[in-house]
Amino acid sequence: METSTIIFYFFMLMTLASAAFVVTTKNVVYAAFALLGTFFGVAALYIFLNADFIAAVQVLVYVGGILILIIFGVMLTHRVMDVELRVKTIQVFPAFISALLLVIILVTVVLETRWPLGEAEQVTSTTRGIGMLIMNDYLLPFEIISVLLLMALVGAVLLARRER
Amino acid sequence: MAEITLQHYLVTGAVLFSLGLFAVMTRRNAVAVLMGIELILNAANINFVAFSKYTAGGLNGQVFSVFVIVLAAAEAAVAMAIILALYYNLKTIYVDEADRMRG
Amino acid sequence: MTILIPLLPLLGFTIQMFFGKRLPRGGDFLCISLMFTTLVLSILTFIRIFSHGDPNYIETFGFEWIVLGDMNLSFGFLLDTLTGVMLIVVSLVSFLIHLYSVGYMHGDPRYSRYFGYLGIFSFSMLGLILTDNLFGLYIFWELVGLSSYLLIGFWFEKKSAADAGKKAFLTTRIGDIGMFIGIMIIFGAIGKLGFHDVFQAVANGEFGGTLLTVAGVCLFMGAVGKSAQFPLHVWLPDAMEGPTPVSALIHAATMVAAGVYMIGRIFVVFTPDALLVIAYVGAFTAIFAATIAIVMNDIKRVLAYSTLSQLGFMVMALGAGGYVAGLFHLMTHAFFKALLFLGAGSVIHAVHSQDVRDMGGLRKKMPITFWTFLAATLAISGVPGFSGFFSKDAILAATLEKAMLHPSTFLLPFLGFTAAGITAFYMFRLVFLTFFGKPRNEEKYRHAHESPWVMTVPLVILGILAVCSAWGGWFQNYVTKPSLETYATVQMIDEHADASHVTAVETSHAVAVDHADDHHDVAHTAHNYAMALSIIIALGGILIAYLTYMKGKISADRMMKKYKGIHTVLTNKYYIDEFYGKTFIAFTLALARVSRWIDTYIIDGLVNGISRLTVLSSDIAGSFDNIVVDGMVNTVADFSIAVGGKLRRLQTGRVQNYILWVVIALLVIFYFKVF
């Protein structure tokens with residue numbers, strides 16, 4: 001077994017374990033921090049997939065942006081809800097069963113399908129390639145995405161405003 | 001097991017997806033539900049990138065995942081705004097208490 | 001114009017019944033004036049008819065009433081010489097009674113209603129005289145019965161009066177049933193009821209033999225009831241319970257005469273056999289009633305039985321073939337009997353008693369009443385010169401003539417003359433006891449006084465008529481016996497041709513002119529004999545009465561004691577009322593009781609049972625509706641609610657539940673797709 005394989009499995013398990021923790025823990029703050037681990041794990045997986053740009057973007061946006069946002073959200077609402085003694089989860093059993101079934105099905109599909117694999121590519125920097133694609137083939141989606149971001153920005157501010 | 005194949009990544013993605021779905025279906029805390037959604041999106045992203053590497057598609061998969069990440073960010077912002085609005089109006093962040101449309 | 005004659009009194013009746021009480025004087029002047037107008041119209045009609053100078057003059061007008069296929073009932077008037085006379089009699093007597101009643105009924109609480117009843121009675125009687133068909137006759141016949149019931153039972157607070165009214169109505173009703181059967185027989189045989197049509201049918205031989213005799217006798221039954229012949233005479237004496245003017249109007253002059261008039265009107269319909277029955281019934285009634293009149297002490301009773309007897313005379317006359325004689329007596333009797341009743345009423349009014357034993361010597365106190373009463377008595381006794389003499393003489397002559405032609409009928413004249421003698425006797429007995437001798441009741445005698453002018457004027461008028469109405473022989477010239485041939489439209493067959501047909505034709509001749517020439521001689525002989533005989537008998541009767549009650553030569557009391565048995569029987573009217581009471585009436589009452597029982601228990605029971613059944617079934621239907629139908633509806637509703645209640649749970653309002661369902665659905669799709 002090669003070292004890269006072992007490291008791969010490590011990162012894979014780290015991701016999945018963190019994700020499992022996020023999903024199951026009762027404490028939301030812990031869950032937020034576990035989510036950090038998941039994101040990093042995913043970023044590592046990206047590296048393994050030669051997607052250096054994506055990995056960087058993942059860390060920047062997810063960890064640096066979304067995770068911060070989530071932690072803010074947790075912190076803003078956590079303290080107040082702390083005194084509650086109610087159950088933190090609902091309909092666990094049916095959800096578990098259906099999720100399990102789903103994963104079984106998906107895994108079966110994945111393993112059974114004969115994927116049309118192509119030849120391996122050189123390991124190069126993908127940044128330039130991605131940039132070229134965005135600016136040439138995916139220009140419209142790019143523009144739309146920027147408008148969407150603007151909308152999200154305005155919308156978020158509007159929604160979260162407290163009425164005077 | 002000797003080589004890391006496409007299936008490895010796809011399975012990872014599938015499991016991650018199910019976990020995220022489980023979190024969405026199960027958790028009462030709205031923020032926790034948001035986390036579940038992020039997991040789902042990440043799982044999809046992994047699939048995209050994996051396919052980008054292992055099939056003859058070039059970098060299209062990666063471009064998609066860029067867009068997905070951007071969308072995830074926007075959506076997270078809006079979701080958070082909604083959660084706050086929900087909190088201010090219903091004084092709760094437990095989603096199962098937002099059952100005004102209960103039959 | 002003629003139609004006004006019966007309608008004016010009807011108008012009086014209508015007004016009186018509704019407004020009478022509110023009119024001044026109770027409306028009597030209204031009725032009197034209406035009646036007077038009717039009288040004037042009757043006189044005019046009489047003059048018009050008689051001015052033609054033809055005894056066979058007939059005037060008719062009518063209109064069709066019911067037309068059903070072959071059946072044709074028309075209504076109309078028939079005016080001939082007989083009608084003319086009857087109109088005068090009825091309207092004159094009615095008018096005089098109206099006038100008299102003003103005095104007699106003064107102060108009665110139902111004064112105005114009395115005049116109303118007089119009005120409807122006059123209407124009915126006049127209608128009866130004028131009608132031209134059997135159906136109309138029957139209708140007015142019944143109306144007359146009704147009016148007489150109202151008038152007889154006028155003082156219905158007195159039980160005896162109310163009973164008398166009932167008795168009159170029911171007894172005449174029995175006769176009316178017979179009459180109705182007779183009418184139905186004729187209708188069944190011929191299909192028409194107009195007098196002219198019926199006479200024509202009989203004359204043509206369409207209808208004859210036994211059936212015609214039966215029909216004739218049945219029709220005669222009506223007369224038996226209305227004219228109070230034996231055995232339906234029982235109501236007339238009791239009818240004296242009514243006010244005296246009513247007795248005068250109804251029982252002397254008009255209603256009872258209706259029967260006689262009817263026999264005269266449909267005379268040609270009677271076969272010789274039927275006529276024989278009529279004659280014997282009349283004769284028997286005449287003598288039967290006369291015997292009872294001898295022992296009566298109530299003035300009105302005497303006069304009532306006298307009326308019965310005189311009616312018997314009239315009926316006997318018609319039966320014996322003396323058409324003219326019978327109807328002539330009808331007219332004269334109307335005048336003098338009405339006078340007798342009104343005079344009696346005057347006496348009763350003065351003395352306040354009806355019992356002869358309370359009277360005596362009244363001629364000094366009530367001269368007008370006395371002289372008019374005497375005139376009437378002379379008339380009824382058949383004293384020459386008075387109207388009654390001519391008519392009674394004619395009757396007796398007719399019976400004698402009949403006996404001479406058919407010796408088997410000797411009984412008729414025998415009974416007739418005997419009854420005439422008895423009549424003279426009891427009438428003069430009445431006069432002597434009432435007006436002559438010493439007053440038997442001093443107290444009443446002192447109070448007695450002559451009656452007011454409204455009562456004495458009618459007496460005088462009638463008195464004049466009682467004396468003069470027969471003079472001049474005008475009646476016999478104008479009223480003639482109808483003969484069947486005048487109605488025949490079919491040619492008379494040669495007598496030698498068909499023997500059976502000849503017999504039929506012969507029997508269908510009523511009392512026709514088969515031996516026209518022979519009759520004249522016999523008639524003359526009979527007439528002379530009768531005249532002589534009747535004068536002797538009348539004077540004989542008067543003499544016996546005179547000796548008994550004036551001179552006291554024959555003691556009435558001793559006679560009474562000597563013949564106690566007969567006297568008792570006579571006083572009790574031969575016990576006929578008691579006999580009827582024990583048999584027919586008891587039977588009818590028993591039947592009524594049985595019917596009532598059936599009605600109460602069976603019929604009502606049935607009705608109640610059905611009603612209970614209905615209620616029960618409706619209960620069942622109701623509960624079925626409630627339980628079953630509502631149950632079904634409710635079940636459906638409950639089911640919907642239950643299902644809805646269950647399904648409602650799906651709408652939790654929680655998004656996470658919905659997501660779970662989505663995932664499950666997804667899994668299901670995967671399952672079907674992949675495996």
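Residues numbered from 1 in each chain as written. Chains lettered and ligands numbered in written order. Predicted model: local features only at pLDDT ≥ 70, side-chain atom pairs only at ≥ 80, totals over all residues.

### Structural notes on the overall build of chain C
Where we set the bar: Every helix listed is a DSSP run of H or I at least four residues long, and every strand listed is a run of E at least two residues long, numbered separately from the N terminus. Here, residue contact means that the backbone-derived C-beta atoms of the two residues sit within 7 Å.
Counting its regular elements, chain C contains 26 helices and 2 strands. Once local pairs closer than 6 in sequence are excluded, the contacts in chain C between residues at least 24 apart make up 81%.

### Section: the overall build of chain B
To be explicit about the condition: Burial is judged by counting the other C-beta atoms within 10 Å of a residue's own C-beta: 20 or more makes it buried, 12 or fewer makes it exposed, and any count in between marks it as partly exposed, with every C-beta position built from the backbone.
For chain B, the count of helices and strands is 3 helices and 0 strands. For chain B, the N- to C-terminal ordering of α and β elements is α-α-α. The proportion of buried residues among the 103 residues of chain B is 59%. For chain B, the share of sequence-separated contacts (at least 6 apart) that also reach a separation of at least 24 residues comes to 46%.

### Focus: the interface of chain A and chain C
As a measure of interface size, the accessible area lost when the parts come together is often cited. Rules: Only Asp, Glu, Lys and Arg are considered charged, only Ala, Val, Leu, Ile, Met, Phe, Trp, Tyr, Cys and Pro nonpolar, and every remaining residue, Gly among them, polar.
Each partner contributes residues to the interface: chain A has 9 residues there, and chain C has 8 residues. Along the lines of polarity and charge, the residues of the side of chain A that touches chain C split into 7 nonpolar, 2 polar and no charged.

### Some details on the interface of chain A and chain B
Counting from both sides, the interface comprises 68 residues of chain A and, opposite them, 60 residues of chain B. Mapped onto the side of chain A that touches chain B, the elements with two or more residues apiece are helix 1 (3-24), helix 2 (28-48), helix 3 (52-81), helix 4 (92-112), helix 5 (127-136) and helix 6 (139-159) of chain A. For the side of chain A that touches chain B, the leading source of residues is helix 3 of chain A, giving 13 residues. Split by residue class, the side of chain A that touches chain B holds 51 nonpolar, 14 polar and 3 charged.

### Considerations on the nonpolar core
Note the following rule: Working definition: the nonpolar core is a set of buried Ala, Val, Leu, Ile, Met, Phe, Trp, Tyr and Cys residues, joined through C-beta atoms within 7 Å.
Grouped together as the largest cluster of nonpolar side chains are 193 residues, with contacts concentrated most on Ala258, Val260, Ile278, Ala338, Leu339 and Ala466 of chain C. Of the residues forming this core, the biggest block, 19 residues, is contributed by helix 14 (residues 323-351) of chain C. With residues near it in sequence (within four places) discarded, Ala258 of chain C still touches Met125, Leu128, Trp141, Val144 and Lys226 of chain C. Counting residues in each nonpolar core, the second largest holds 78 residues, with Leu39, Val63, Ala79 and Ile83 of chain B among its members.

### Topic: the packing of helix 6 of chain A against helix 3 (residues 60-90) of chain B
Threshold: Think of each axis as a best-fit line through the C-alpha atoms, taken over the contacting stretch in the case of a helix, with angles from 0 to 180 degrees between the N-to-C directions. Note that the term roughly parallel is reserved for angles under 35 degrees, roughly antiparallel for angles over 145, roughly perpendicular for angles of 65 to 115, and oblique for everything else. Definitions for this section: a left-handed crossing has its near helix turned counterclockwise from the far helix by less than a right angle. A right-handed crossing has that turn clockwise.
Two numbers describe how helix 6 of chain A lies on helix 3 of chain B: the axes approach to 8 Å, and their chain directions differ by 15 degrees. When the axis of helix 6 of chain A is compared with that of helix 3 of chain B, the two are roughly parallel. Seen from above, helix 6 of chain A lies across helix 3 of chain B with left-handed handedness. Of helix 3 of chain B, the residues touching helix 6 of chain A (which contributes Pro141, Ile145, Leu148, Leu149, Ala152, Gly155, Ala156 and Leu159 of chain A) are Phe67, Val70, Ala74, Ala77, Val78, Ala81, Ile82 and Ala85 of chain B. Taken together, the residues that form the contact of helix 6 of chain A with helix 3 of chain B break down as 15 nonpolar, 1 polar and no charged.

### Looking at the confidence of the model for chain C
Residues and elements named next belong to chain C. Our working rule: Confidence scores labelled pLDDT are given residue by residue by the predictor and lie between 0 and 100.
Per-residue pLDDT for chain C averages 80, and the proportion of residues at 70 or more is 87%. Segment residues 490-517: pLDDT under 50, and 32 contacts once partners within four positions in sequence are set aside and those in other chains are kept. Taken over the whole predicted complex, pTM reads 0.62, whereas the ipTM for its chain interfaces reads 0.89.

### Points about the environment of Ala98 of chain B
Residues and elements named next belong to chain B. Mapped onto the secondary structure, Ala98 falls in the segment after helix 3. Sequence spacing of Ala98 and Leu86 is 12 residues, and the spatial spacing of their C-alpha atoms is 8.3 Å. Look past the residues within four positions of Ala98 in its chain and what remains in contact with it is Leu86 and Leu90.

### Here's the deal with helix 2 of chain A
As a reminder of what qualifies: One less than the number of residues in a helix, times 1.5 Å, gives the span that helix is expected to have.
The terminal C-alpha atoms of helix 2 of chain A, which comprises 21 residues, lie 30 Å apart, in line with the 30 Å expected from a rise of 1.5 Å per residue. At the C-terminal side of helix 2 of chain A, Asn50 of chain A shows a positive phi close to 60 degrees.

### Topic: the packing of helix 1 of chain A against helix 1 (residues 6-26) of chain B
Interhelical geometry of helix 1 of chain A versus helix 1 of chain B gives an angle of 10 degrees and a closest axis separation of 9 Å. One way to sum up the angle between helix 1 of chain A and helix 1 of chain B is to call them roughly parallel. On the side of helix 1 of chain A, the interface is formed by Met12, Thr15, Leu16, Ala19, Ala20, Val22 and Val23 of chain A, while helix 1 of chain B contributes Thr12, Val15, Leu16, Leu19, Phe22 and Ala23 of chain B.

### Quick word on unusual backbone geometry
Between Phe230 of chain C and Pro231 of chain C the backbone carries a cis peptide bond, its omega angle lying at 0 degrees. Relative to the helices and strands, Pro231 of chain C is located in the loop between helix 8 (209-226) and helix 9 (235-238). Even without glycine at this site, Lys91 of chain B takes up a positive phi of about 60 degrees. Note that Lys91 of chain B resides in the segment after helix 3. What makes Lys91 of chain B exposed here is the crowd of 9 C-beta atoms within 10 Å. Of note in this structure, Ala228 of chain C is not a glycine but carries a positive phi near 55 degrees. Classification of Ala228 of chain C by C-beta neighbours within 10 Å gives buried; the count is 29.

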